Amino acid sequence: MMKFTLPKLNASGVKTRLLLVGVFEKNFATGPVAGLNSSCEGSVALHAQVEGFDGKAEQTLLHFPNAKGVAAQQVLYFGLGESGKLTLTSLREALTAAFKRAKQLKVTELSIAQIPLDGTGISAELYAQTVAEYAGMVDYTINHFKTAKGGHKPETHVTSLQFLADDETAADSKRGLEAGRLIATAVNRARDLVNLPPGVCTPTYLAEQATALARRRWSITVRLVQRDEAKKLGMHAFLAVAKGSDQKPVFIELTYAPKNAVPGKVLGLVGKSVTFDTGGYDIKSADGMLTMKCDMAGGAAVLSAIEAIAALKLPITVKAYMAATENCINGKAYKPGDVLQTMAGLTVAVDNTDAEGRLTLADAIAFAREVGGVTHLVDVATLTGAMLGTTADVGAGSFTNNGAWQNEVLAAAGSVDELLWPMPMWPQLKKGNNTPMADLKNTGGKFGAGSSTAALFIAPFAGDTPWVHLDIAGTAYRGREFGADPEGGTGFGTRTLIALAKNLSEAK
Ligand code: BES
Ligand code: ZN
Ligand code: ZN
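This is a predicted model, so every value here is computed, not measured.

1. As for the overall build of the protein
Helices and strands together make up the secondary structure of the protein, namely 15 helices and 19 strands. Since a compact globule built from 508 residues should have a radius of gyration of about 23 Å, the 24 Å found for the protein is in line with a globular shape. Burial analysis of the protein (508 residues in total) assigns 57% to the buried set. Across the protein, every contact between residues at least 6 apart in sequence was considered, and the portion connecting residues at least 24 apart equals 78%. Put simply, the protein shows about 20700 Å² of open surface, and 54% of that area lies on carbon and sulfur atoms. One finds the centroid of the 50 positive side-chain charges in the protein at a distance of 4 Å from the centroid of its 48 negative side-chain charges.

Next comes the structure, spelled out in structure tokens:
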């Protein structure tokens, strides 16, 4: 766990292994930490020239200061781009580059200074939050099972980060650091859950994690709905998906209801929680199945988001839902052609057992509305491979029954630099979901627009509750590093949900 300290900006006593100094383009010799490393400014200019470092965004320069009078063993200058053009987005990119370079150096203790923020619209608190958030997210290493016996050497982590602040902003910076730490912890927890092998991260395991969370955070309570109770509630679509698995399904509800919550608002977060998706009898190819441990990434996002929301003590009631199950095959497994009852009372014909996510979401959303009494809904789901054809692994699709609510979700995502794009919900696309056998069928067939027909399938279950569906099939798990995300589970959606809860708690 990363520890933060806040020594004074110009305290000459500050000693550090590596000092990170953000500098603007072509103006890097001066800065708020000049006093800390003034003795090496001349050599920095020369070194920068040699290395071609001119402070452009995402450039870094590792400098070895003269030992005398210098508090840092090494200084890592990181480019902020043109002065006057700094945005939160470019700051995040600059910090990502800086922390990645520090990670390559296997530095465990580092220091970072404030930067001039005048005219950027970024407060001292938000700067400190961003530092802690990105330091924490970049510090992540995958929760692998490599051993010393197999020749593995343990990874290094940043154990201490000194944030050099001036007196006036120290209190704000401290608050920001704490918020950033909590947010990064949430993202990293979501990544861990996604990366766990499917034999470990079972529905029961998710229920245990939810229970442990409620024990850790007294402001959160948990309710576990087991198969028999789910049957009584009429959640037959969810249970149909679970039929082919030896792992017990469990429906999880987490509630955070602080005393000072804004009245009249209950934010419902539903996360697809299929802990492994074989496709069922409509079995996936080996290639398609390989990464399907990631099919609970939506659940990981809502679970970790609600914990951060509680830890940040946001004054809003939030409920998180996970219909946790595997989608496997045995003699009891559901089959193409089956007709299912749902909790909402609509009937569904199974066209394809691999379109299981929308079946679990249908009942989860019905529960959130009917039992949970949520007033605003967001579901987060690795729902359709078709998403990859639209946004690749870069962004996620957003679908809604309420433009104003979607705008709030898009704004929250924009504020944390998670890419979302609104997708069509044209009524003309609905006919893909028609069948002579039931109210709905669970695929759009050969009709096309697979991500939209999936969203249109869910829509009737959301009814008139403002609802946004985020299809994160492209972004939940990547085969490559991307920005501050490592290869593998990304925790995508977690930060959007936290920002959304914050905004909603502040809105009139
Ligand atoms: N879990 C998959 C979607 C998915 C694909 C997530 C790739 C992450 C990466 C989902 O359950 C699924 O299999 N969807 C089918 C739906 C189809 C049968 C209508 C798909 O996308 O092919
Ligand atoms: Zn599937
Ligand atoms: Zn799936």
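2. Observations concerning the packing of aromatic side chains
Enumeration over the complete set of coordinates arrives at 6 aromatic pairs. Centroid distance F238 to F251: 6.3 Å. Interplanar angle 65°. Geometry classified as edge-to-face. Residue F238 is found in helix 8 (residues 236-242), and its partner F251 is found in strand 8 (residues 250-256); the two are separated by 13 residues along the sequence. Using a relative accessible area of 1% as the deciding quantity, one classes F238 as buried.

3. As for the pattern of salt bridges
Using the criterion set out here, one finds 21 salt bridges in the structure. When the shortest N-O distance is used, the salt bridge between K56 and D54 registers 3.3 Å. The partner of E229 in a salt bridge is R223, with the nearest N and O atoms 2.7 Å apart.

4. Re the pairing of strand 4 (residues 72-79)
With 7 of 8 residues buried, strand 4 is to be regarded as a mostly interior element. As paired elements, strand 2 (residues 16-23) and strand 4 share 7 bridges and run parallel to each other. Among the inter-strand pairings, L19 is bridged to a residue of strand 4, identified as V75. Bridge count for strand 3 (residues 60-63) against strand 4 is 4 bridges, and the pairing is antiparallel. Following the sheet pairing, T60 is matched in strand 4 by F78.

5. A few points about the site of ligand 1
Looking at ligand 1, there are 15 residues lining it, with K284, D295, D354, E356 and G385 nearest. One of the side-chain nitrogen or oxygen atoms of K284 is found 2.8 Å away from an oxygen atom of ligand 1. A distance of 2.7 Å separates an oxygen atom of ligand 1 from a polar backbone atom of G385. In isolation ligand 1 offers 520 Å² of accessible surface; the protein chains occlude 78% of this area. Looking at the shell around ligand 1 residue by residue, the class counts come to 3 nonpolar, 5 polar and 7 charged.

6. Notes on the nonpolar core
I252, L254, L267 and V378 are the most contacted members of the largest nonpolar core, which has 57 residues in total. Tallying contributions element by element places helix 10 (residues 297-311) first for this core, with 9 residues.

7. A short note on the coordination of the zinc ion (ligand 2)
Protein coordination at the zinc ion (ligand 2): the donors are D277 (OD), D354 (O), D354 (OD) and E356 (OE), at 2.0 to 2.2 Å from the metal. Considering all 6 donor atoms around the zinc ion (ligand 2), angles at the metal cover 73 to 169° and the coordination shape is irregular. The sequence pattern describing where the donors of the zinc ion (ligand 2) fall on their chain is D-x76-D-x1-E. Separation of the zinc ion (ligand 2) from the zinc ion (ligand 3) amounts to 3.2 Å, with D277 serving as a shared donor to the pair.

8. Concerning the sheet that holds strand 17 (residues 467-471)
Strand order in the open sheet made by the 8 strands is 7-8-10-9-13-17-14-15, with mixed pairing throughout. With partners counted over all chains shown, the strands left at the sheet margins are strand 7 (220-225) and strand 15 (420-422), one partner each. Strand-to-strand twist in this sheet, taken as the mean axis angle between neighbours without regard to direction, amounts to 20°. Bridge analysis of strand 7 against strand 8 gives 6 bridges, and the strand direction is antiparallel. In the strand pairing of strand 8, V222 is matched with L254.

9. Here's the deal with the sheet that holds strand 4
Strand order in the open sheet formed by 6 strands is 1-6-5-2-4-3, with mixed pairing between adjacent strands. Edge positions in the sheet fall to strand 1 (3-5) and strand 3, since each has one partner strand and no second. Each strand of the sheet is rotated relative to its neighbour by a mean of 20°, with strand direction disregarded. Bridge analysis of strand 5 (residues 109-113) against strand 6 (residues 160-164) gives 5 bridges, and the strand direction is parallel.

10. Details of unusual backbone geometry
With the exception of glycine, the majority of residues adopt a negative phi angle, and the majority of peptide bonds are in the trans configuration. In this structure, E58 is a non-glycine residue whose phi angle is positive, near 75°. The topology assignment puts E58 in the loop between helix 2 (41-51) and strand 3. One non-glycine residue, A449, lies in the positive phi region at around 50°. Judged by its relative accessible area of 38%, A449 is partly exposed.

11. Some remarks on the coordination of the zinc ion (ligand 3)
The zinc ion (ligand 3) binds to the protein through K272 (NZ), D277 (OD), D295 (OD) and E356 (OE), with metal-donor distances spanning 1.9 to 2.4 Å. With 6 donor atoms in place around the zinc ion (ligand 3) and angles of 77 to 171° between them, the coordination shape is octahedral. Sequence spacing of the donors to the zinc ion (ligand 3): K-x4-D-x17-D-x60-E.

12. A few points about the side chain of T325
When you line up the elements, T325 lands in strand 10 (residues 317-327). Assessed through its relative accessible area of 0%, T325 is described here as buried. With residues near it in sequence (within four places) discarded, T325 still touches P203, F238, V241, A242, P249, S273, V274, T275, F276 and T360.

Calculation notes
Residues numbered from 1 in each chain as written. Chains lettered and ligands numbered in written order. Predicted model: local features only at pLDDT ≥ 70, side-chain atom pairs only at ≥ 80, totals over all residues. Heavy atoms only, no water. Helix = DSSP H or I, 4+ residues; strand = E, 2+ residues; numbered from the N terminus. Rg over C-alpha atoms; globule rule 2.2 N^0.38 Å. Buried < 20%, exposed > 50% of the residue type's maximum accessible area, 1.4 Å probe, protein only. Contact = heavy atoms within 4.5 Å. Areas by Shrake-Rupley, 256 points an atom, 1.4 Å probe, with all protein chains shown as cover. Lys, Arg positive; Asp, Glu negative; His and termini not counted. Charge placed at Lys NZ, Arg CZ, Asp CG, Glu CD. Phe/Tyr/Trp six-rings, centres within 6.5 Å; stacked < 30°, edge-to-face > 60°. Salt bridge = Lys/Arg side-chain N within 4 Å of Asp/Glu carboxyl O. Pairing = 2+ DSSP bridges. Near = heavy atom within 4 Å. Polar contact = N/O pair within 3.5 Å; in protein donor to acceptor, adjacent residues only side chain to side chain. Nonpolar A, V, L, I, M, F, W, Y, C, P; charged D, E, K, R; others polar. Core = buried A, V, L, I, M, F, W, Y, C linked by side-chain atoms within 4.5 Å. Donors = N, O, S within 2.8 Å, 3.2 Å for Na, K, Ca; no water. Tetrahedral: all angles 85-135°; square planar, octahedral: opposite > 155°, others 65-115°. Axes fitted to C-alpha atoms, helices over the stretch in contact; angles between N-to-C directions.

Keep in mind that these numbers describe shape and distance, not what the molecule does.
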